[in-house]
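Residue-level structural notes
Residue-level listing of the chains:
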Amino acid sequence: MLEDNFNPFEETPQDVYIQAQSEMLNEIEGIHDSNPDKNALVISVCLSIIEAAVAFSMIASAGVFIASMVSLFPVALLWAIANHHAEKVELPEAYDELVEKYYGTVQESS
């Protein structure tokens, strides 16, 4: 008789809690699962190559080595600045937005 009422797939409170937390996590941070925009990356790389080629052509009379170094310096500097900006400015702002979203979600569920 007891075996008839036994359901091995019955969810425990811990399972329900984990499921609810997983759903909340996917709801809030699901946008981060997407891959970076490949078009933006291609455009950035192409513009960097064009910039280096134009700078190289302007300084080519100084020699290949010097023209290469001088033309690649602004490109490398721009990529370094963009990386620094992403890590030191955009990332903390994104973290602050996530905290606000989590706080709002927690307030709604309680």
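Everything below is about the structure printed above this text.
The present account deals with the structure reproduced in this document.

1. Thoughts on a nonpolar patch on the surface
- Among the surface-exposed residues, Leu41, Val45, Ile49, Leu78 and Trp79 lie close enough to one another that they form a single nonpolar patch of about 470 Å² accessible area.
- For the nonpolar patch, the secondary structure elements donating two or more residues are helix 3 (38–59) and helix 4 (64–109).
- For the nonpolar patch, the element with the highest residue contribution is helix 3, accounting for three residues.
- With respect to the helices and strands, the residue Ile49 is situated in helix 3.

2. What about a negative patch on the surface?
- Taken together, Glu90, Glu93, Asp96, Glu97 and Glu100 make up a surface patch of like negative charges.
- In this fold, Glu97 is placed in helix 4.
- For Glu97, a relative accessible area of 47% translates into the label partly exposed.

Rules and cut-offs
- Residues numbered from 1 in each chain as written.
- Predicted model: local features only at pLDDT ≥ 70, side-chain atom pairs only at ≥ 80, totals over all residues.
- Heavy atoms only, no water.
- Patch = residues over 30% accessible without salt bridge, like charges linked within 9 Å, V, L, I, M, F, W, Y side chains within 5 Å.
- Areas by Shrake-Rupley, 256 points an atom, 1.4 Å probe, with all protein chains shown as cover.
- Salt bridge = Lys/Arg side-chain N within 4 Å of Asp/Glu carboxyl O.
- Helix = DSSP H or I, 4+ residues; strand = E, 2+ residues; numbered from the N terminus.
- Lys, Arg positive; Asp, Glu negative; His and termini not counted.
- Charge placed at Lys NZ, Arg CZ, Asp CG, Glu CD.
- Buried < 20%, exposed > 50% of the residue type's maximum accessible area, 1.4 Å probe, protein only.

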